[in-house]
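Examination of the molecular architecture
For reference, the chains in residue letters:
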Amino acid sequence: MSLDDWAEIRRLHRAEGMPIKAIARVLGVSRNTVRAALAADGPPKYARSAMGSIVDPFEPRIRELLQVYPTMPATVMAERIGWTGA
């Protein structure tokens, strides 16, 4: 559900006094969607779980090398840490 849909559902119900069934029909969403929007404490948020990176196992060594050699080229660093990726 988008932020606009959420706001419109709440406006129709609170300001216009429109029943849940009518809101669902007008907006083309299910009654459960309307109920969820009305019961929500705040607007919907996009949340995605963090995914790891293929570099994560090498990060401590990369940070060590960068502290000692801050201008080391990435190709040299890749050789030193044993990076086999592209």
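This is a predicted model, so every value here is computed, not measured.

1. Quick notes on the confidence of the model for the protein
With 100% of its residues at a pLDDT of at least 70, the protein reaches an overall mean of 92. Mean pLDDT across the secondary structure elements of the protein bottoms out at helix H5 (residues 74-81), with 92, and peaks at helix H2 (residues 20-27), with 97.

2. Digging into the packing of aromatic side chains
Tallied over the entire structure, the rule returns one aromatic pair. With 5.3 Å between their ring centres and 75° between their planes, Phe 58 and Trp 83 make a pair best called edge-to-face. Here Phe 58 is found in the loop between helix H3 (31-39) and helix H4 (59-68), whereas its partner Trp 83 is found in the segment after H5, with 25 residues between them in sequence. By relative accessible area, which is 22% here, Phe 58 ends up partly exposed. Note on Trp 83: relative accessible area 24%, which makes it partly exposed.

3. What about the packing of helix H1 (residues 3-14) against H2?
Following both chains from N to C, one finds H1 and H2 inclined at 140°, their axes separated by 10 Å at the closest point. Taken as axis vectors, H1 and H2 run oblique relative to one another. Pair H1 / H2 crosses with right-handed handedness. Of the residues in H2, those touching H1 at Glu 8, Ile 9, Leu 12 and His 13 are Ile 20, Ile 23 and Leu 27. Broken down by class, the residue content of the contact of H1 with H2 amounts to five nonpolar, one polar and one charged.

4. A word on the pattern of salt bridges
Within the structure shown, the criterion is met by four salt bridges. Of the charged contacts in the structure, one is a salt bridge between Glu 16 and Arg 11, with a shortest N-O distance of 3.1 Å. A relative accessible area of 37% means that Arg 11 is categorised as partly exposed. Salt-bridge contacts for Glu 64 lead to Arg 61; the nearest nitrogen and oxygen are separated by 3.3 Å.

Reading guide: rules and limits
- Residues numbered from 1 in each chain as written.
- Predicted model: local features only at pLDDT ≥ 70, side-chain atom pairs only at ≥ 80, totals over all residues.
- Heavy atoms only, no water.
- pLDDT = per-residue confidence, 0-100.
- Helix = DSSP H or I, 4+ residues; strand = E, 2+ residues; numbered from the N terminus.
- Phe/Tyr/Trp six-rings, centres within 6.5 Å; stacked < 30°, edge-to-face > 60°.
- Buried < 20%, exposed > 50% of the residue type's maximum accessible area, 1.4 Å probe, protein only.
- Axes fitted to C-alpha atoms, helices over the stretch in contact; angles between N-to-C directions.
- Parallel < 35°, antiparallel > 145°, perpendicular 65-115°, else oblique.
- Left-handed = near helix turned anticlockwise from the far one by under 90°.
- Contact = heavy atoms within 4.5 Å.
- Nonpolar A, V, L, I, M, F, W, Y, C, P; charged D, E, K, R; others polar.
- Salt bridge = Lys/Arg side-chain N within 4 Å of Asp/Glu carboxyl O.

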